[in-house]
Amino acid sequence: MSLRPVPEIRLGRIKPKITGETGRFVTVAIKACVVDGRYQRVFQVRNERRVLQLAANWDWSLYTPIIVAPAGAQFAIIDGQHRAAAARAVGITNLPAWLSAADEKAQARAFLAINASPTRVDTLQLWNSRYAAGDQDAVLLWEICARAGV
């Protein structure tokens, strides 16, 4: 295992502006979750395919909590409608979630911040992850490269 601390980045002249509340982890009933159509995607065939992939291989160790905000007696999903739909499809009724105190405008800003500029992982790092996870093809390729001196 190759563990290292979180990098320490110096801000220099940047003056951080920290706003909002931290939120908290909760468990939400899927039937109490709603999707705000003003900024959330409408499900299309490709979205349904993604949900089916998640449902067919549901694994709690790969699950990331959905992000929700109060919407009256319900919870507006800011991020995670595909995960929630997949969980519902396999019969899960309650999900771990991060509850944000965001109002409607802040929910849309959060959706934008989460989805507009995702951090891309390069191909080599994805390959390293497959190797570390024990993927048979990645392990075989590693062995071939090692034997070839590459």
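The coordinates are above.
These lines cover the structure that appears in this document, whether it is placed above or below. (Residues numbered from 1 in each chain as written. Predicted model: local features only at pLDDT ≥ 70, side-chain atom pairs only at ≥ 80, totals over all residues. Heavy atoms only, no water.)

### A few points about helix α2 (residues 81-89)
Within α2, burial applies to Q81, H82, R83, A84, A86 and A87. Buried residues belonging to α2 abut α1 (45-56), β3 (66-71), β4 (74-79) and β5 (94-99). Following α2 by one or two positions, G91 has its phi on the positive side, about 95 degrees. (Buried < 20%, exposed > 50% of the residue type's maximum accessible area, 1.4 Å probe, protein only. Helix = DSSP H or I, 4+ residues; strand = E, 2+ residues; numbered from the N terminus. Contact = heavy atoms within 4.5 Å.)

### Overview of the layout of surface pockets
In this structure, the largest pocket occupies an estimated 450 Å³ of space. Of all the secondary structure elements, the ones that give two or more residues to the lining of the largest pocket are α1, β4, α2 and α3 (104-116). (1 Å grid on protein atoms, 1.4 Å probe; cavity = no way out; pocket = protein on both sides within 12 Å on 5 of 7 lines; lining within 4 Å. Points joined across faces, edges and corners; volume = space filled by probe spheres on them.)

### Describing the pairing of β4
Two elements, strand β2 (residues 33-34) and β4, share 2 bridges in a ladder whose sense is parallel. Within β4, the residue paired with V34 across the bridge is A76. Sheet topology note: the β3/β4 ladder contains 5 bridges and is antiparallel. Pairing of V68 across the sheet is with I77, part of β4. Adjacent in sequence and paired antiparallel, β3 and β4 are bridged by 2 residues, among which G72 carries a positive phi angle near 65 degrees. (Pairing = 2+ DSSP bridges.)

### Section: the nonpolar core
V28, I66, V68, I77, L95 and A97 are the most contacted members of the largest nonpolar core, which has 14 residues in total. Top contributing element to this core by residue count: β5, with 3 residues. In contact with V28, other than residues within four places in its own chain, are C33, I66, V68, F75, T93, N94, L95 and A97. (Core = buried A, V, L, I, M, F, W, Y, C linked by side-chain atoms within 4.5 Å.)

### A look at the pairing of β5
Only one face of β5 is buried: it carries L95, A97 and L99, and the other face, with N94, P96 and W98, is open. For strand β1 (residues 24-29) and β5, the ladder comprises 6 bridges, and the chain directions are antiparallel. Paired with V28 across the strands is L95, a residue of β5. Bridge count for β3 against β5 is 3 bridges, and the pairing is parallel. Pairing of I66 across the sheet is with A97, part of β5.

### Overview of a nonpolar patch on the surface
Among the surface-exposed residues, L140, L141 and I144 lie close enough to one another that they form a single nonpolar patch of about 250 Å² accessible area. Assignment of secondary structure puts I144 in helix α5 (residues 136-148). By relative accessible area, I144 is classed as partly exposed at 42%. (Patch = residues over 30% accessible without salt bridge, like charges linked within 9 Å, V, L, I, M, F, W, Y side chains within 5 Å. Areas by Shrake-Rupley, 256 points an atom, 1.4 Å probe, with all protein chains shown as cover. Salt bridge = Lys/Arg side-chain N within 4 Å of Asp/Glu carboxyl O.)

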